[in-house]
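Below, each chain spelled out in residue letters.
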2 protein chains.
Amino acid sequence: MHMLPSMQRLLDELERLPKIGPKSAQDIAYWILNNDRESAERLAHAVVDMKDSIGFCKQCFNYAEDDLCPVCASPSRSSAVLCVVSDPSDIPPIERSGAFTGLYHVLGGVISPLDGVGEEDLHIAELIDRVREGNVAEVVLATDLNPEGNITAARVADLLRPCGCSITRIATGMPKGGEVEFADELTLGAALEYRNAI
Amino acid sequence: MHMLPSMQRLLDELERLPKIGPKSAQDIAYWILNNDRESAERLAHAVVDMKDSIGFCKQCFNYAEDDLCPVCASPSRSSAVLCVVSDPSDIPPIERSGAFTGLYHVLGGVISPLDGVGEEDLHIAELIDRVREGNVAEVVLATDLNPEGNITAARVADLLRPCGCSITRIATGMPKGGEVEFADELTLGAALEYRNAI
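Counting restarts for each chain: residues are numbered from 1 in the order of the written sequence. As they are written, the chains are lettered A onward and the ligands numbered 1 onward, keeping that order. Thresholds applied to this predicted model are a pLDDT of at least 70 for local features of residues and 80 or more for the giving and counting of side-chain atom pairs; totals over whole chains, interfaces and linings are not thresholded and use all residues. Side-chain measures were taken over the full set of non-hydrogen atoms in the model, leaving aside hydrogen atoms and water.

**Quick notes on the packing of aromatic side chains**
Inclusion rule: Any pair of Phe, Tyr and Trp rings, taking the six-membered ring for Trp, is counted once the centres come within 6.5 Å. Such a pair is stacked with planes under 30 degrees apart, edge-to-face with planes over 60 apart, and tilted for the rest. Secondary structure follows DSSP: runs of H or I at least 4 residues long count as helices, runs of E at least 2 residues long count as strands, and numbering of each begins at the N terminus. Only protein chains enter the area calculation, which uses a 1.4 Å probe; residues under 20% of their type maximum are buried, those over 50% are exposed, and those in between are partly exposed.
For the structure shown, the criterion picks out 6 aromatic pairs over all chains. On the basis of an interplanar angle of 25° and a centroid distance of 5.9 Å, the ring pair of A:Tyr30 and B:Tyr63 is categorised as stacked. One end of the pair, A:Tyr30, is in helix H2 (residues 22–34); the other, B:Tyr63, is in strand E2 (residues 63–64), on a second chain. Judged by relative accessible area, A:Tyr30 falls into the buried class, the value being 8%. By relative accessible area, which is 6% here, B:Tyr63 ends up buried.

So, in structure tokens, the structure goes:
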């Protein structure tokens, strides 16, 4: 079938987005056709407007619409504890957990020699400056628990050591609600190794 | 967490789309932030451009950028057989099957008293006109195989009866590759009732 050119162009753009396959792209295109022009305009405007409005926080490199991101700008957050993450997208889930009331520092990636990313490509120097200049008592390393995240955390910890602050790593163990029968052996091994007194 | 307003607006618009939940919307928003401005512009432009470019085919009520949709405009399609579907989105899968070389007629919905849709709200009168005026030998009713689709097909068949053309319904039976053990009883009942000599 000859697909209508304007629809094909939209399908091509939609299929570049994460988790959007051909079927989802088609569903979205038909939804747009079945709805009013205003809906299409609002969607299109929101895409470009977000792209134009958002840059990086000058202090922590989280996404920000102003000089500081909402977390850094909040007077209720403690500047004594910094949580180091690899990407801005790691921050919303930590915020939703409600378990962290300090500030963040976004590295902008992880050390990955295969991808040509070295420690000098990440915001590690800025982290050390923040810890040196500020009144930082603890840095929590919250990079992913995979090899690259672990190596990055280890390297950042080494570089922070001379600053004298406490350096911690988020815990490994069984997820909440996790079933022992279905846990992978590495997770279960960590859960046993780091067992807590109750 | 205070979500950035421009990102929240995009998330709200994205979550209105079919099959896009909060997590997918966030993934898409971060993808847009991580890519160049041109990608965001191309996506936004494709949305509005498709909405502005596409209307309905004057002959069959499929989506069309010109007076006629690509199927109606194709000289290689037979006008002797019409396939009746409820919506334009039913046409691409039939085209992909490669099993139909005639023209379509889109009803624009199904008869559904609960939703206030009667036969006068569908393009049934236009279908009868097409069959009367044209050289139509057969009308294949390809509405969904659910109660509303079946009732609509039955009513359209009744209204077409005086035209004298052949009226058929797409077959019911086991899907290709289907396993008898896991088939639902209604499908299996139909597969037995409509069994074919081999």
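**A few points about the confidence of the model for chain A**
Convention followed: The predictor rates its confidence in each residue with pLDDT, a number between 0 and 100.
Scored by pLDDT, chain A has a mean of 93; 99% of the residues are at 70 or more. Predicted complex, confidence summary: ipTM 0.79, pTM 0.80.

**Structural notes on the environment of A:Leu10**
Formally: By definition, residues are in contact when any of their heavy atoms lie within 4.5 Å.
Mapped onto the elements, A:Leu10 comes out in helix H1 (residues 5–16). With 18 residues separating them along the chain, A:Leu10 and A:Ile28 place their C-alpha atoms 9.6 Å apart. Not counting residues within four places of it along the chain, the set of residues in contact with A:Leu10 comprises A:Ala29, A:Ile32, B:Leu43, B:Ala46, B:Val47 and B:Met50.

**Regarding the sheet that holds strand E6 (residues 166–169) of chain B**
Residue and element names in this part refer to chain B. Under the convention used in this document: We call two strands paired when DSSP finds no fewer than two bridges between them. A fitted line through C-alpha atoms represents every axis, and for helices the fit uses only the stretch in contact; the resulting angles, taken between N-to-C directions, go from 0 to 180 degrees.
Spatially, the 4 strands line up as an open sheet ordered E4-E3-E5-E6, and their pairing is parallel. Unpaired on one side and paired on the other, strand E4 (103–106) and E6 mark the two borders of the sheet. Neighbouring strand axes in the sheet, compared pairwise and without regard to direction, differ in orientation by 25° on average. Both strand E3 (residues 81–85) and strand E5 (residues 138–141) contribute to a ladder of 4 bridges, which runs parallel. By the bridge assignment for E5, Leu82 is matched with Val139. Most of the contacts of helix H6 (residues 124–133) go to E4, to which it runs at about 150°, and overall it touches E3, E4 and E5. Together, E5 and E6 form the strand contacts of helix H7 (residues 147–160), whose direction differs from that of E6 by roughly 175°.

**Re the relation of the copies chain B and chain A**
For clarity, the cut-off: Superposing the copies works by least squares over the C-alpha atoms of residues that have pLDDT at least 70 in both of them.
Relative to chain A, chain B is turned by 180° and slid 0.1 Å along the rotation axis, the superposed coordinates differing by an RMSD of 0.1 Å. Between the two chains, the operation in question is that of a two-fold axis. For chain B, the residue whose C-alpha comes nearest the rotation axis is B:Ala44, separated from it by 2.0 Å. Here 100% of the contact residues of chain B are again contact residues in chain A; the copies associate through an equivalent surface.

**Notes on the interface of chain B and chain A**
A common way to report how large an interface is uses the accessible area buried once the components associate. Spelled out, the test is: Buried area is understood as the total, over both parts, of accessible area removed when two parts are fitted together, assessed with a 1.4 Å probe. What makes a salt bridge here is a side-chain nitrogen of Lys or Arg within 4 Å of a carboxyl oxygen of Asp or Glu, nothing more. In protein, a polar contact requires one atom able to donate a hydrogen and another able to accept it; more generally it is a pair of N or O atoms within 3.5 Å, and residues adjacent in sequence count only if both atoms are side-chain atoms. In this count, Pro and Cys sit with the nonpolar residues alongside Ala, Val, Leu, Ile, Met, Phe, Trp and Tyr, while Asp, Glu, Lys and Arg are called charged and the others, Gly among them, polar.
Contact with chain B, which involves 57 residues of that partner, is made by 57 residues of chain A. For the pair chain B and chain A, the two sides together bury roughly 5,400 Å², of which 68% comes from carbon and sulfur. Applying the counting rule to chain B against chain A returns 8 salt bridges. Notably, a salt bridge pairs A:Asp27 with B:Lys19, separated by 2.6 Å at the nearest N-O pair. For the interface between chain B and chain A, the tally reads 20 residue pairs in polar contact (both at pLDDT 80 or more). At the level of secondary structure, the elements contributing two or more residues to the side of chain B that touches chain A comprise helix H1 (5–15), helix H2 (22–34), helix H3 (37–53), E2, helix H4 (70–73) and helix H5 (91–97) of chain B. With 15 residues, H3(B) is the single largest residue contributor to the side of chain B that touches chain A. Considered class by class, the residues forming the side of chain B that touches chain A number 30 nonpolar, 11 polar and 16 charged.

**A look at the layout of surface pockets**
To keep things clear, this is the line we draw: As defined here, a cavity is a set of points on a 1 Å grid over the protein atoms alone where a 1.4 Å probe fits but cannot get out. A pocket is an open set with protein on both sides within 12 Å along at least five of seven lines, and residues line them when an atom is within 4 Å of a point. Grid points are joined across faces, edges and corners, and a volume is the space filled by probe spheres set on the points.
In this structure, the largest pocket encloses a volume near 560 Å³. Taken together, 18 residues make up the lining of the largest pocket; nearest its centre are B:Leu145, B:Ala171, B:Thr172, B:Gly173 and B:Ala190. By residue number, the principal contributor to the lining of the largest pocket is helix H8 (residues 185–193) of chain B, which donates 4 residues. In the lining of the largest pocket, the residues fall into 9 nonpolar, 5 polar and 4 charged. When its volume is computed, the second largest pocket comes out at roughly 360 Å³. The wall of the second largest pocket is formed by 14 residues, among which A:Pro93, A:Ile94, A:Ser97, A:Ala142 and A:Ile170 lie closest to the centre. Element by element, the count of residues in the lining of the second largest pocket is highest for helix H5 (residues 91–97) of chain A, at 3 residues. Within the lining of the second largest pocket, the residues separate by chemical class into 10 nonpolar, 2 polar and 2 charged.

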